[in-house]
Amino acid sequence: MAEENDSSQEKTEEATPRRLEKAREEGQIPRSKELTTTVMLLAGSVALLASGPFMGSQLGGVFESSMRLDRASAFDPSQMLAILTSSLADSLLALLPLFFTLAVAAFVGPILLGGWLVSSKAMEPKLSRMSLLAGLKRMFSVKSLVELLKAVAKVGVILLLAVGLLRMLRPELLGLANESVETAISHAVWLAIISALILSASTALIAAVDVPFQLWEHARKLRMSMQDIKDEYKESEGKPEVKSKIKQLQREMANRRMMAAVPDADVVITNPTHYSVALKYDPSQMATPVLVAKGADEIALKIREIANAHGVELVASPALARSVFHTTDVDETIPAGLYMAVAQVLAYVFQLRNYRTGRGKKPYLPTDIQIPADLRYD
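Please read these numbers as outputs of a predicted model, since none were measured by experiment. (Residues numbered from 1 in each chain as written. Predicted model: local features only at pLDDT ≥ 70, side-chain atom pairs only at ≥ 80, totals over all residues. Heavy atoms only, no water.)

## Regarding the overall build of the protein
Of the regular secondary structure elements, the protein holds 14 helices and four strands. Here the C-alpha radius of gyration of the protein, 42 Å, is well above what a compact globule of 378 residues would show, namely 21 Å. Oriented by its inertia axes, the alpha-carbon framework of the protein measures out at about 130 × 65 × 40 Å. Put simply, of all contacts in the protein between residues at least 6 apart along the chain, 74% involve residues at least 24 apart. Of the side chains in the protein, 42 bear a positive and 41 a negative charge, and the two mean positions are spaced by 4 Å. (Helix = DSSP H or I, 4+ residues; strand = E, 2+ residues; numbered from the N terminus. Rg over C-alpha atoms; globule rule 2.2 N^0.38 Å. Contact = heavy atoms within 4.5 Å. Lys, Arg positive; Asp, Glu negative; His and termini not counted. Charge placed at Lys NZ, Arg CZ, Asp CG, Glu CD.)

## Describing the domain arrangement of the protein
Accessible area lost on assembly of the parts is the figure often given for the size of an interface. According to the domain assignment, the protein consists of domain 1 (23–114 + 131–223) and domain 2 (261–357). Centre-to-centre separation of domain 1 and domain 2, based on C-alpha positions: 82 Å. (Domains from an automatic or database assignment.)

## Quick look at the nonpolar core
Counting residues in each nonpolar core, the largest one holds 23 residues, and the members touching the most others are Val267, Ile269, Leu279, Leu320, Leu338 and Val345. For this core, the secondary-structure elements that each account for two or more residues are β1 (267–270), β2 (275–280), α13 (318–327) and α14 (339–356). Among residues more than four places away in sequence, those in contact with Ile269 are Tyr275, Ser276, Val277, Leu279, Val315, Ser317, Leu320, Ala321 and Val345. (Core = buried A, V, L, I, M, F, W, Y, C linked by side-chain atoms within 4.5 Å. Buried < 20%, exposed > 50% of the residue type's maximum accessible area, 1.4 Å probe, protein only.)

## Overview of the sheet that holds strand β3 (residues 290–296)
Within the open sheet, the four strands sit side by side as β3-β2-β1-β4. Their pairing is mixed. Strands at the two margins of the open sheet, each flanked by one partner only, are β3 and β4 (313–316). Pairwise comparison of adjacent strand axes, ignoring direction, gives a mean angle of 20° for this sheet. As paired strands, β2 and β3 are joined by six bridges and run antiparallel to one another. Directly across from Leu279, in β3, lies its bridge partner Leu291. Against the sheet, α13 touches β1, β2, β3 and β4, its axis set at about 75° to β2. Its contacts with the sheet put α14 on β1, β2 and β4, and the angle it makes with β4 is roughly 135°. (Pairing = 2+ DSSP bridges. Axes fitted to C-alpha atoms, helices over the stretch in contact; angles between N-to-C directions.)

## Some words on the UniProt feature "transmembrane region" (unreviewed entry) in the protein
Mapped onto the present numbering, the UniProt feature "transmembrane region" (unreviewed entry) falls on residues 39–59, 94–119, 148–169 and 189–216. As a span, residues 39–59 carries 100% helix and 0% strand, and end to end its C-alpha atoms are 26 Å apart. (UniProt positions renumbered as here; feature names shortened; annotations may be inferred.)

## Focus on the pairing of β2
Among the six residues of β2, five are classified as buried, and the element is accordingly described as predominantly covered. Strand direction decides the pairing type here: β1 and β2, joined by four bridges, are antiparallel. By the bridge assignment, Val268 is partnered in β2 with Ala278. With antiparallel pairing between neighbouring strands as the criterion, β1 and β2 make up a hairpin whose turn holds four residues.

## Things to note about α14
Counted at 1.5 Å a residue, the expected span for α14 with its 18 residues is 26 Å, and the 26 Å between its end C-alpha atoms agrees. Taken together, the buried positions of α14 are occupied by Ala341, Val342, Val345, Leu346, Tyr348, Val349 and Leu352. Viewed end-on, α14 has its buried residues packed into an arc of 150°, placing them on one side of the element. Buried residues belonging to α14 abut β1, β2, β4 and α13. Once α14 ends, the next one or two residues include Gly358, with phi positive near 85°. (Expected span 1.5 Å × (residues − 1). Arc of directions from axis to C-beta.)

Written as structure tokens, this is what we have:
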């Protein structure tokens, strides 16, 4: 039932960028054989038109030199092989412009529609391609019907144009008999090249129809149903339960790193029960104090436990603890508005350390620590 509900009739939505990217990775891009054929025929005809005199001259020279053999050379196998090798090399050199043009056209033609693509997945063998049922389905598909119509149209267009050309060029073709051999050959070659160019251009009509069809067919094959789009979104974004688990693991890792930084803190300011923030300040390395850990409730309790275990001073200042907690992220410096309040606490802590080592009087924590109104979180 699920497969029936997900039929092609329900795939009414355009393919998403992710679907198009995945299809491209699998080698599914629009291609037009007719466009490639047109490009190659036109390129070959233009190459013949442009380099025809050069090729004719070179090939004529090869033909002439091959016919001028003395008796000794004709009966000497080594001489004949050398002449044959030289003639082949000269012939290939004469045809090189045509071959090079066709090679470039064969490379450029396919990438005009769909772009350049090398996909290993498209070359992987698939047993589904050997399925008799799938083969019959392809034979009687809309695409096969269009291919048949294109073939018939191609033959029809070229045949009609060829008949028209023959009628138009009939006087010139019949007039070749009244020309000298050299002139007639040159004239005939010229007519043949022009005819090839016109007939090649006629295939552009077929390509002009085929290219939009291939684009439409490619878009139709990649259409998606609403369920496909939802499934893709879940796949790309991740299932809610998986995302929740990942976030939980990330929080646990962040908490472990945070707790590992508590022993290096200079002071832990507490609420004293609901909030705990651990600050570190090294004048030689920092311009302002940095928050190395913070937490509420259970995490706040854990921070206090670690601080006690490692001899980090605990200072109860509810307003300051709440303010630092809500305005500063871990590994960030405190806001400028809290410089004075935090400086009072740190001064108290540093004086307390000196007092415990016998260097100074016993300090007292100021009771009038001022928190700016815009930074208070009562």
